[in-house]
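Each chain, letter by letter, is given below.
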Amino acid sequence: MEASSSGITNGKIKVFHPEGGVDLQGYQLDMQILPDGPKSDVDFSEILNAIQEMAKDVNILFDELEAVSSPCKDDDSLLHPGNLTSTSDDASRLEAGGETVPERNKSNGLYFRDGKCRIDYILVYRKSNPQTEKREVFERNIRAEGLQMEKESSLINSDIIFVKLHAPWEVLGRYAEQMNVRMPFRRKIYYLPRRYKFMSRIDKQISRFRRWLPKKPMRLDKETLPDLEENDCYTAPFSQQRIHHFIIHNKETFFNNATRSRIVHHILQRIKYEEGKNKIGLNRLLTNGSYEAAFPLHEGSYRSKNSIRTHGAENHRHLLYECWASWGVWYKYQPLDLVRRYFGEKIGLYFAWLGWYTGMLFPAAFIGLFVFLYGVTTLDHCQVSKEVCQATDIIMCPVCDKYCPFMRLSDSCVYAKVTHLFDNGATVFFAVFMAVWATVFLEFWKRRRAVIAYDWDLIDWEEEEEEIRPQFEAKYSKKERMNPISGKPEPYQAFTDKCSRLIVSASGIFFMICVVIAAVFGIVIYRVVTVSTFAAFKWALIRNNSQVATTGTAVCINFCIIMLLNVLYEKVALLLTNLEQPRTESEWENSFTLKMFLFQFVNLNSSTFYIAFFLGRFTGHPGAYLRLINRWRLEECHPSGCLIDLCMQMGIIMVLKQTWNNFMELGYPLIQNWWTRRKVRQEHGPERKIRFPQWEKDYNLQPMNAYGLFDEYLEMILQFGFTTIFVAAFPLAPLLALLNNIIEIRLDAYKFVTQWRRPLASRAKDIGIWYGILEGIGILSVITNAFVIAITSDFIPRLVYAYKYGPCAGQGEAGQKCMVGYVNASLSVFRISDFENRSEPESDGSEFSGTPLKYCRYRDYRDPPHSLVPYGYTLQFWHVLAARLAFIIVFEHLVFCIKHLISYLIPDLPKDLRDRMRREKYLIQEMMYEAELERLQKERKERKKNGKAHHNEWP
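Please read all numbers here as calculations on a predicted model, not as lab measurements. (Residues numbered from 1 in each chain as written. Predicted model: local features only at pLDDT ≥ 70, side-chain atom pairs only at ≥ 80, totals over all residues. Heavy atoms only, no water.)

**Some thoughts on the confidence of the model for the chain**
On average, residues of the chain score 77 in pLDDT, and 79% of them reach the 70 mark or higher. Counting contacts from residues 1–98, a segment whose pLDDT is below 50, to residues more than four positions away or on other chains yields 130 contacts. Predicted confidence is poor over residues 949–955, with pLDDT under 50, and the contacts of this stretch with residues over four places away or in other chains come to seven contacts. (pLDDT = per-residue confidence, 0-100. Contact = heavy atoms within 4.5 Å.)

**Notes on the UniProt feature "transmembrane region" (unreviewed entry) in the chain**
The UniProt record annotates "transmembrane region" (unreviewed entry) at residues 350–376, 426–445, 502–528, 548–569, 597–618, 717–739 and 767–791. Strand forms 0% of residues 502–528 and helix 100%; the C-alpha atoms that close the span are 39 Å apart. Helix makes up 77% of residues 597–618 and strand 0%. Its end C-alpha atoms lie 30 Å apart. (UniProt positions renumbered as here; feature names shortened; annotations may be inferred. Helix = DSSP H or I, 4+ residues; strand = E, 2+ residues; numbered from the N terminus.)

**What about the state of the cysteines?**
In the structure shown here, the tally under the stated rule is three disulfides. The side chain of Cys-397 participates in a disulfide bridge whose partner is Cys-856; the two sulfur atoms lie 1.9 Å from each other. For the disulfide bridge between Cys-397 and Cys-856, the dihedral angle about the S-S bond is near 85 degrees, and by the sign convention the bridge is right-handed. In this pair, Cys-397 sits in the loop between strand S11 (395–396) and strand S12 (407–408) while Cys-856 sits in strand S20 (residues 855–859), placing the two residues 459 residues apart along the sequence. (Disulfide = S-S within 2.5 Å.)

**Some thoughts on a nonpolar patch on the surface**
Taken together, the side chains of Trp-660, Phe-663, Met-664, Tyr-668, Ile-671, Trp-674 and Trp-675 present a nonpolar region at the surface, about 740 Å² in accessible area. Turning to its location among the elements, Trp-660 is positioned in helix H22 (residues 643–684). (Patch = residues over 30% accessible without salt bridge, like charges linked within 9 Å, V, L, I, M, F, W, Y side chains within 5 Å. Areas by Shrake-Rupley, 256 points an atom, 1.4 Å probe, with all protein chains shown as cover. Salt bridge = Lys/Arg side-chain N within 4 Å of Asp/Glu carboxyl O.)

**Looking at the packing of aromatic side chains**
Throughout the structure, instances matching the rule amount to 51 aromatic pairs. Their ring planes at 85 degrees and their centres at 6.3 Å tell us that Trp-169 and Phe-238 sit as a pair that is edge-to-face. Taken together, the residues Trp-169 in helix H5 (residues 169–178) and Phe-238 in the loop between strand S9 (233–237) and helix H7 (251–254) connect sequence positions 69 residues apart. Judged by relative accessible area, Trp-169 falls into the buried class, the value being 15%. It is Arg-758 that lies over the ring of Tyr-342; its NZ or CZ is 3.8 Å from the centre. The aromatic ring of Tyr-873 is capped on one face by Arg-862, whose charged end is 4.2 Å from the ring centroid. (Phe/Tyr/Trp six-rings, centres within 6.5 Å; stacked < 30°, edge-to-face > 60°. Buried < 20%, exposed > 50% of the residue type's maximum accessible area, 1.4 Å probe, protein only. Lys NZ or Arg CZ within 6 Å of the ring centre and 35° of its normal.)

**Some words on helix H21 (residues 585–613)**
Here H21 contains 29 residues, and its C-alpha end-to-end distance of 40 Å stays within 8% of the 42 Å for a straight helix at 1.5 Å per residue. Its axis deflected by about 40 degrees at Asn-605, H21 carries its strongest bend there. (Expected span 1.5 Å × (residues − 1). Bend = angle between axes of the 7 residues up to and from the residue.)

**Quick look at empty space enclosed by the protein**
For the coordinates displayed, the defined rule picks out eight cavities of 30 Å³ or more. The computed volume of the largest cavity comes to approximately 200 Å³. Secondary structure elements with two or more residues in the lining of the largest cavity: helix H14 (383–390), helix H15 (413–422) and helix H28 (822–825). Residue composition of the lining of the largest cavity, grouped by class: nine nonpolar, five polar and three charged. For the second largest cavity, the calculated volume is near 120 Å³. Considering the residues around the second largest cavity, the lining is formed by Leu-604, Ile-653, Met-654, Lys-657, Gln-658, Asn-661, Glu-715, Met-716, Leu-718, Gln-719, Phe-722 and Asn-740. Elements represented by at least two residues in the lining of the second largest cavity include exactly H22 and helix H24 (710–725). Split by residue class, the lining of the second largest cavity holds six nonpolar, four polar and two charged. (1 Å grid on protein atoms, 1.4 Å probe; cavity = no way out; pocket = protein on both sides within 12 Å on 5 of 7 lines; lining within 4 Å. Points joined across faces, edges and corners; volume = space filled by probe spheres on them. Nonpolar A, V, L, I, M, F, W, Y, C, P; charged D, E, K, R; others polar.)

**A closer look at a negative patch on the surface**
Side chains of Glu-133, Glu-136, Glu-274 and Glu-275 sit close together on the surface and give a patch of like negative charge. Relative to the elements of secondary structure, Glu-275 occurs in the loop between helix H8 (257–268) and helix H9 (282–287). Its relative accessible area of 73% is what places Glu-275 among the exposed residues. (Lys, Arg positive; Asp, Glu negative; His and termini not counted. Charge placed at Lys NZ, Arg CZ, Asp CG, Glu CD.)

**Considerations on the pairing of strand S7 (residues 160–166)**
With seven of its seven residues buried, S7 lies for the most part within the structure. On S7, burial covers both faces: Ile-160, Phe-162, Lys-164 and His-166 on one face and Ile-161, Val-163 and Leu-165 on the other are all buried. As paired strands, strand S5 (residues 121–126) and S7 are joined by six bridges and run antiparallel to one another. Within S7, the position partnered with Arg-126 by the bridge is Ile-160. (Pairing = 2+ DSSP bridges.)

**Section: the environment of Ala-494**
Considering the arrangement of structural elements, one finds Ala-494 in the loop between strand S14 (489–491) and helix H18 (495–535). Separated by 18 residues in the primary sequence, Ala-494 and Tyr-476 place their C-alpha atoms 9.2 Å from one another.

**Topic: the pairing of strand S6 (residues 148–153)**
Bridge analysis of S6 against S7 gives six bridges, and the strand direction is antiparallel. The residue of S7 that forms the bridge with Lys-151 is Val-163. The hairpin turn running from S6 into S7, its antiparallel successor, is six residues long.

**Some details on the pattern of salt bridges**
One pass over the structure, following the stated rule, counts 25 salt bridges. Here Glu-150 ties to Lys-164 by a salt bridge, and the two come within 2.8 Å at their closest N and O atoms. Within this pair, whereas Glu-150 is found in strand S6, its partner Lys-164 is found in strand S7, the two being separated by 14 residues in sequence. Note that Lys-751 is salt-bridged to Glu-712, the shortest N-O span being 2.6 Å. You can see Lys-751 sitting in helix H25 (residues 733–755) and its partner Glu-712 sitting in helix H24, a full 39 residues away along the chain.

**Notes on the side chain of Glu-139**
Within the element layout of this structure, Glu-139 appears in helix H4 (residues 132–144). By relative accessible area, which is 4% here, Glu-139 ends up buried. What Glu-139 contacts, discounting residues up to four positions off in sequence, is Tyr-125, Met-149, Lys-151, Val-163 and Tyr-291.

**Focus: the environment of Arg-447**
Looking at the secondary structure, you find Arg-447 in helix H16 (residues 427–455). Sequence-wise, Arg-447 and Ile-906 are 459 residues apart; in three dimensions their C-alpha atoms are separated by 8.8 Å.

**Re the packing of H24 against H25**
Two numbers describe how H24 lies on H25: the axes approach to 10 Å, and their chain directions differ by 170 degrees. It follows that H24 is roughly antiparallel to H25 by the angle criterion. Residues Glu-712, Glu-715, Met-716, Gln-719, Phe-722 and Thr-723 of H24 form the contact with H25, whose own contacting residues are Ala-733, Pro-734, Ala-737, Asn-740, Asn-741, Glu-744, Asp-748 and Lys-751. Each residue belonging to the contact of H24 with H25 can be placed in one class, and the counts come to five nonpolar, four polar and five charged. (Axes fitted to C-alpha atoms, helices over the stretch in contact; angles between N-to-C directions. Parallel < 35°, antiparallel > 145°, perpendicular 65-115°, else oblique.)

And the structure:
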């Protein structure tokens, strides 16, 4: 054997060979091509003994870790494709190439000036700020905690000072143990279930067939993107005493950047800035203006000159941009583990929920599109729309006072056909399906959340005892009581004071809901007044379509009012929440969330509820119309029904709202960041190119909004309400929601990665109060869809006619042939001479037959004018009313029973996950016991070698 050099150090054997290199769990074989030159003798016996020892350990390793996944690696090692060792190898390689690691680190703006200490957190303040003394005390206490600090002024404004903070290993280890940060200590072991030969043959045949299919195009390609390999290790709360149990390749990268920032933020929240028991924490300094901003750094630029497929990702931010925020991967699954690693569990759970919601919209959108296409295909066979289109001899009464003319029923042929597209035989099935879908969505989300919580080590995580809000402390600092958890005195709010504040807050909520109702009342008056105006309009297009023009303009005005009131509601909700004086930040967040959702839900859906359940229901009849303030005649439905108005309302509001939200989410930050860059160019000249460090680039980005993920969740929850509550009237709502959400995921990802400062990585077990709101919407959707089908649509009147009054009465059939004569039976007769003076139209209807009309028709079930009780309700009206009430009761009870049955049958925790959790708990106990036993045995052997006597040893 000949080699240029060899060595055996710390259990690692270096053997040189013309082949490649292998790394095996602590034994590294570095192999390279033999150089030409002088040869040196080698102690073969020493090498052979070492190789034998290594072979024994490797055999033991393979016996213990059969069917193990890829090796665990530190986070930063994931950024270099093909590198399975720690980042220290990269350092040596760079030094050999002429560039040292500190020199490279100085240039990327992520380290201190020495290029060795990574920046974990940034504080920003202005020298002109008068709160100098508090900052000095705070920063002195920061150094006392062991954090390292470095200051640097801004390149464009010398008044702005950046404070760079770095946490050494000792500080990270101490606080990670206090915070119970879970870290990897052993690779997971998977046990494959025993398969029968028959099943194995079937699997082989299926795998052969899959070769001809596309290879999962929606999954991210891990072969071309090796950075996506994920850790698959058992984790345990970090302990300095048992540090030898954890997998530590490199102390600098053992804690990833998000965890380091979270630990530093935890420290800053507990540092005093002034003498006094309540003068603690960074949040208070941000509130009083001592510091202008505080944020962790992004990990460099999100763009690179080199392709990620050939050169790998420059950093995690670049990796997220390429495989998540880029529009080219819109059809791919989200890399949730990468999102969680970079942004934390709370933001990761939001995107997991949004992705799950979007995925569940696919079947709902498909069925809704099927219902719509079913209406399209059956349009030519619809007996009702045929009769409407052929009813040239039926003259309808005017729909408004004086200016509205008489019209043929056949003039509404187009509207009758459009109504059939949404209101057909499949509508009831779709309403039941969507009610069940909402339950299945929530139940399977609970299962999905449980899997995510297990994979992200959130099962046993409990929120820490929250700090009291500074406002609460300032208000109730004089009265204290003992905290039952910490045993320390804390401010106390009396029960009477709390009740009085809640009553005032509830009164404010009720008043704002009244404001919404007043706005809807204003829209109703607008519709009543405008329909007459449009009926007398000069343009024939508007005059002939006065009702559609009225509905369209009313919806647009209503949307503008909705957006204006949203601004007012946010300020009112903030005022009422602060008036309640919640004790902790989570209580404040839940209270504010509930108020804002209630305000915006009522604001967005109040006009829709009016159109669905009140429009045309309480108008009276010709000759005895009901009027507002005894002046304005209430608006009637179109001769083809009110459903077309509801469809227009939902379609316009949904499209405009989603378009506006997407613009505000991405367009507003883009414009603000562009304006900031423009000001910098104007101050320093366009010819001078300034290379800003990373902290200054991030400072010029937009901060995440003050309410965290509130706006993102609120937008999606309101969309969920639109998708489920009135879906029976608008089956295309799930399809529109699906298309929007596909765009929304990438918009939010692009915003988080490129336009916002990096938010602090925070933990959460679920989506919080939003889940309860989703359950409430699911219950409300059952009720509203029952009323939409029974009252708004013509499903029940047609059913009653087919079984009771049509040609097939008493035969138990309800086909299209049974609907002959339905249109005539649903219209009542009115004598024109019975019109009120203020309702009598200007035209006498002579343009239809050459002589003045004597009778006209209107939608209702009333007796003719020559009957014993003129214009009284017919027996068919009462039959239809009874059928509607019966349908509502039966529909609600049936759907609620199905929902509860599904909830009962679907367990919250998948069985395989439950078994994995039990297995992992058992293995962790065994591993910890074996590791501790091994350590004690080694200590015992060492003491025996030293000749020390021991008594009562264990084991």
